[in-house]
Amino acid sequence: MTMKQGSIGVVTSSRMELIDITNQINQIISESDYDSGICFLYNPHTTSALTINEGADPAVQEDMLAALKKIVPSDLPYKHLEGNSPSHMMTSMVGSSEMVFFEKSSLNLGTWQRIFFCEFDGPRKRKMHWRIMPA
Ligand code: ZN
């Protein structure tokens, strides 16, 4: 099976933030010789995640972070001694991978959709793995 794979670096600058990585992924796809196919994205970290949501209004990103902070209690008697248990909970809630189709060398996202790298325990230097295959 033909396939391409690699990783991209993501540098985060806040404790919690969403970073739009859609353009970087589209660049990878456009540099491949695949017209249409499947793109897999995988986040190998335990306190950051991947999600797809609205990118037109930045308030949606702020609302998502505010809601996650409200949903995940900061004052549980967490046993994890590192002190970042809420970040670990958010990572499992949001998820570590995404799969998106692409056509005409571009991600087949909905009109308002963007792909976000979700930092829950920054600032850090992160990475994210990708694989694309023609289909
Ligand atoms: Zn930890």
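Owing to the predicted nature of the structure, the values given are computational and were not obtained by experimental measurement.

*Asks:* Pulling in residues and values, what's your account of the sheet that holds strand S7 (residues 113–119)?
*Replies:* Taken in spatial order, the 3 strands of this open sheet run S2-S7-S4, and their pairing is antiparallel. Among the strands making up the open sheet, the edge pair consists of strand S2 (17–20) and strand S4 (48–54). The sheet shows a mean angle of 35 degrees between the axes of neighbouring strands, direction not considered. Bridge count between S4 and S7: 7 bridges; the pairing is antiparallel. Residue pairing in the sheet places Glu 54 in a bridge with Gln 113 of S7.

*Asks:* Tell me about the sheet that holds strand S5 (residues 97–103), and name the residues and values.
*Replies:* The strand order S1-S8-S3-S5-S6 describes an open sheet built from 5 strands, whose pairing is antiparallel. The open sheet has two free edges, formed respectively by strand S1 (4–11) and strand S6 (106–107), since each of these has just one partner strand. Pairing analysis gives 8 bridges linking S1 to strand S8 (residues 125–134), with the strands arranged antiparallel. Bridging from a neighbouring strand, Val 10 pairs with Arg 126 of S8.

*Asks:* Tell me about the coordination of the zinc ion, residues and numbers included.
*Replies:* A metal bound by six donors in octahedral fashion has ideal angles of 90 or 180 degrees, whereas one bound by four tetrahedral donors has an ideal angle of 109.5 degrees. All of the protein donors around the zinc ion are His 80 (NE2), Glu 82 (OE), Asn 84 (OD1) and His 88 (NE2); their distances to the metal are 1.9 to 2.2 Å. Donor residues binding the zinc ion come from one chain and are separated in sequence as H-x1-E-x1-N-x3-H. Classification of His 80 by relative accessible area gives partly exposed; the value is 35%.

*Asks:* Can you explain helix H2 (residues 58–71)? Please cite residues and give values.
*Replies:* The end-to-end C-alpha distance of H2 is 20 Å, a good match for the 20 Å that 14 residues give at a rise of 1.5 Å each. Taken together, the buried positions of H2 are occupied by Val 60, Gln 61, Leu 65 and Leu 68. The arc that holds every buried residue of H2, seen down its axis, measures 135 degrees, which confines them to one face. Of the exposed residues in H2, those oriented more than 90 degrees away from the buried face are Glu 62, Asp 63, Lys 69 and Lys 70.

*Asks:* So, the environment of Thr 91: which residues are in play, and what are the values?
*Replies:* Tracing the chain through its elements places Thr 91 in helix H3 (residues 85–94). Along the primary structure Thr 91 and Phe 120 are separated by 29 residues, whereas in three dimensions their C-alpha atoms are 7.4 Å apart. Once residues lying within four places of it in the same chain are set aside, the contact partners of Thr 91 are His 45, Thr 46, Thr 47, Ser 48, Ala 49, Ser 96 and Phe 120. For Thr 91, the side chain forms a polar contact with the main-chain oxygen of Thr 46, separated by 3.2 Å.

Rules of the game
Residues numbered from 1 in each chain as written. Predicted model: local features only at pLDDT ≥ 70, side-chain atom pairs only at ≥ 80, totals over all residues. Heavy atoms only, no water. Pairing = 2+ DSSP bridges. Helix = DSSP H or I, 4+ residues; strand = E, 2+ residues; numbered from the N terminus. Axes fitted to C-alpha atoms, helices over the stretch in contact; angles between N-to-C directions. Donors = N, O, S within 2.8 Å, 3.2 Å for Na, K, Ca; no water. Buried < 20%, exposed > 50% of the residue type's maximum accessible area, 1.4 Å probe, protein only. Expected span 1.5 Å × (residues − 1). Arc of directions from axis to C-beta. Contact = heavy atoms within 4.5 Å. Polar contact = N/O pair within 3.5 Å; in protein donor to acceptor, adjacent residues only side chain to side chain.

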